[in-house]
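# Structure at a glance
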Amino acid sequence: YEHLLAAMPRIAEACPDVRFVWVGDGRNRREYEAELRRLHLRDHVHLTGLVDPSEIPRLMNGFDVLVHASQWEGLARSLVQASLTAVPVVSFDNDGAPEVVQEGGTGRLAPLGDVYALANGVIDLARDEAKRREMGRAAREFCLQRFDHESMVDQIEALYERLARPSCE
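Residues numbered from 1 in each chain as written. Predicted model: local features only at pLDDT ≥ 70, side-chain atom pairs only at ≥ 80, totals over all residues. Heavy atoms only, no water.

### As for the environment of Arg127
Mapped onto the fold, Arg127 is located in the loop between α5 (115-126) and α6 (129-146). Between the alpha carbons of Arg127 and Ala14 there is a distance of 9.1 Å; along the sequence they are 113 residues apart. In this structure, Arg127 is in contact with Ala14, Cys15 and Arg132, ignoring residues within four places of it in sequence. (Helix = DSSP H or I, 4+ residues; strand = E, 2+ residues; numbered from the N terminus. Contact = heavy atoms within 4.5 Å.)

### Points about the confidence of the model for the protein
Chain-level statistics for the protein give a pLDDT mean of 90 and a share of 97% at 70 or above. Within the protein, α5 carries the highest mean pLDDT (97), whereas helix α7 (residues 149-164) carries the lowest (80). (pLDDT = per-residue confidence, 0-100.)

### Re the packing of aromatic side chains
The full count for this structure, using the stated rule, is 3 aromatic pairs. On the numbers, 4.2 Å between centres and 20 degrees between planes, the contact of Tyr1 with Trp22 is stacked. Separated by 21 residues along the polypeptide, Tyr1 in the segment before α1 (2-14) and Trp22 in strand β1 (residues 20-23) bring together distant segments of the chain. On the accessibility criterion, Tyr1 (37% relative accessible area) is partly exposed. With 5.8 Å between their ring centres and 85 degrees between their planes, Trp22 and Tyr32 make a pair best called edge-to-face. Within this pair, whereas Trp22 is found in strand β1, its partner Tyr32 is found in helix α2 (residues 29-38), the two being separated by 10 residues in sequence. Three or more aromatic residues link up through ring pairs in this structure, and these residues are Tyr1, Trp22 and Tyr32. (Phe/Tyr/Trp six-rings, centres within 6.5 Å; stacked < 30°, edge-to-face > 60°. Buried < 20%, exposed > 50% of the residue type's maximum accessible area, 1.4 Å probe, protein only.)

### Overview of the layout of surface pockets
By volume, the largest pocket amounts to about 1300 Å³. Lining the largest pocket are 37 residues, with Tyr1, Val21, Val23, Leu66 and Val67 positioned closest to its centre. At the level of elements, α1, β1, α3 (56-60), β3 (66-68), α4 (77-84) and α5 are the ones that each hand at least two residues to the lining of the largest pocket. Class assignment of the residues belonging to the lining of the largest pocket gives a composition of 22 nonpolar, 8 polar and 7 charged. Roughly 190 Å³ of internal volume is contained in the second largest pocket. Considering the residues around the second largest pocket, the lining is formed by Asn61, Phe63, Asp64, Thr85, Ala86, Val87, Pro88, Glu129, Arg132, Arg133 and Arg137. The class makeup of the residues in the lining of the second largest pocket is 4 nonpolar, 2 polar and 5 charged. (1 Å grid on protein atoms, 1.4 Å probe; cavity = no way out; pocket = protein on both sides within 12 Å on 5 of 7 lines; lining within 4 Å. Points joined across faces, edges and corners; volume = space filled by probe spheres on them. Nonpolar A, V, L, I, M, F, W, Y, C, P; charged D, E, K, R; others polar.)

### Section: the packing of α4 against α6
Where α4 meets α6, the closest approach of the two axes is 7 Å, and the angle between their N-to-C directions is 115 degrees. In this structure, α4 contributes Val80, Ser83 and Leu84 to the contact, and α6 contributes Gly136, Ala139, Arg140, Cys143 and Leu144. When its residues are assigned to classes, the contact of α4 with α6 shows 5 nonpolar, 2 polar and 1 charged. (Axes fitted to C-alpha atoms, helices over the stretch in contact; angles between N-to-C directions.)

### Considering the environment of Gly121
Topologically, Gly121 is positioned in helix α5. Judged by relative accessible area, Gly121 falls into the buried class, the value being 2%.

### Quick look at the sheet that holds β3
Reading across from one edge, β3-β4-β5 is the order of the 3 strands in this open sheet, with parallel pairing throughout. Each edge of the open sheet is held by one strand with a lone partner, namely β3 and β5 (107-111). Each adjacent strand pair in this sheet contributes to an overall mean axis angle of 20 degrees, direction not counted. Sheet analysis places strand β4 (residues 89-93) next to β5, joined by 5 bridges and oriented parallel. If you follow Phe92 over to β5, its bridge partner there is Ala110. Contacts between α5 and the sheet are confined to β3, β4 and β5, with β4 contributing the most and set at about 165 degrees to the helix. (Pairing = 2+ DSSP bridges.)

Structure (structure tokens):
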């Protein structure tokens, strides 16, 4: 959340009606709430606390954009979940994010740690409903194709077959 906290003032200044929904909880919650108050952003943020995983799709259906500011996280499930609910993603370009987020197509990618670029990606989508909808539809289509279980099994099977072939060397 530290990078998101750093981006939020710029986002809120550019888009005064923005509301952030933080899903989850943790040992730093009190510090984050204090920082939100210090930044005069506490009224812009709804902290859900822990949410049953079955409730995540319902929550995401209410989002305009998913912001993923993690510095490391393999292939974050939240990126795929948002995409499947036609919510475009703004994320740092790291680890598995580019497997889901296609810059300018299904969402926006910011260089790792570039809070300014992360904020600008959110601002860009917050200001353009047509672009959000278009990227959301593209994200859903992309994930339905890319993460289809039958397609994934076929790809894994093809990889195993290729790796099991004797080398001609």
